[in-house]
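# Reading the structure
Given next are the chains, with one letter for each unit.
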Amino acid sequence: QMLLITCPGDALALSMIMDLCTLTGNCKAAHWAASSVASYWSERTSSRLGDGRTSQPGHTIGASLISLGFALSHQNNTSQTAESLAESSLHTHDTTLFSDSGSFCAGVASASLASLYEMQGR
């Protein structure tokens, strides 16, 4: 957890924490990890560029992992944020890495949406 405090852009560390939280069912840790890095990733949104591109490589995976953390926390006050992050990650094309590729995070975003839909009974 200390790594995320000093390096909030470390998507691998965030991914590993989300994996551990999923395996152990630790909802508090998932929420903590997602909320502790959310401001870092949200400052790098595609709205600054205005053309659907992200300003940082891997932005979609960061947003998807934050969405998963909020979804795993099972808190109603973060479910709308989690759903909008997952939906936007599925529809954002991160063209900073490969020009013809779509979203690199469909699996993570889909897991987040599945968890949210289950929690909400949809």
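A brief look at the structure comes next. In this text, all values refer to a predicted model and were calculated from it rather than measured experimentally.

Each value, and the rule that gives it
Residues numbered from 1 in each chain as written. Predicted model: local features only at pLDDT ≥ 70, side-chain atom pairs only at ≥ 80, totals over all residues. Heavy atoms only, no water. Helix = DSSP H or I, 4+ residues; strand = E, 2+ residues; numbered from the N terminus. Buried < 20%, exposed > 50% of the residue type's maximum accessible area, 1.4 Å probe, protein only. Areas by Shrake-Rupley, 256 points an atom, 1.4 Å probe, with all protein chains shown as cover. Salt bridge = Lys/Arg side-chain N within 4 Å of Asp/Glu carboxyl O. Contact = heavy atoms within 4.5 Å. Polar contact = N/O pair within 3.5 Å; in protein donor to acceptor, adjacent residues only side chain to side chain.

So, on to the overall build of the chain. What the chain contains, in helices and strands, is 6 helices and 0 strands. When its helices and strands are written in sequence order, the chain yields α-α-α-α-α-α. Across the 122 residues that make up the chain, the buried fraction comes to 36%. Carbon and sulfur atoms provide 57% of the accessible area of the chain, an area that totals close to 6500 Å².

Taken as a whole and judged by the stated rule, the model has 1 salt bridge. With its nearest N and O atoms 2.6 Å apart, the salt bridge here joins Glu83 to Arg122. With Glu83 in helix 5 (residues 76–91) and Arg122 in the segment after helix 6 (106–120), this residue pair connects regions lying 39 residues apart in the sequence. Taking relative accessible area as the criterion, Arg122 reaches 57% and is therefore assigned exposed.

Inspection of the secondary structure assignment puts Ser115 in helix 6. The buried category is assigned to Ser115, whose relative accessible area is 11%. The residues contacting Ser115, other than those within four sequence positions of it, are Ala71, Leu72 and His74.

Moving on to the side chain of Ser67. Within the secondary structure layout, Ser67 lies in helix 4 (residues 59–72). Ser67 sits in the buried class, given a relative accessible area of 0%. A polar side-chain atom of Ser67 sits 2.5 Å from a polar atom in the side chain of Ser112. Apart from residues no more than four positions distant in its own chain, Ser67 is found in contact with Ala82, Leu85, Ala86 and Ser112.

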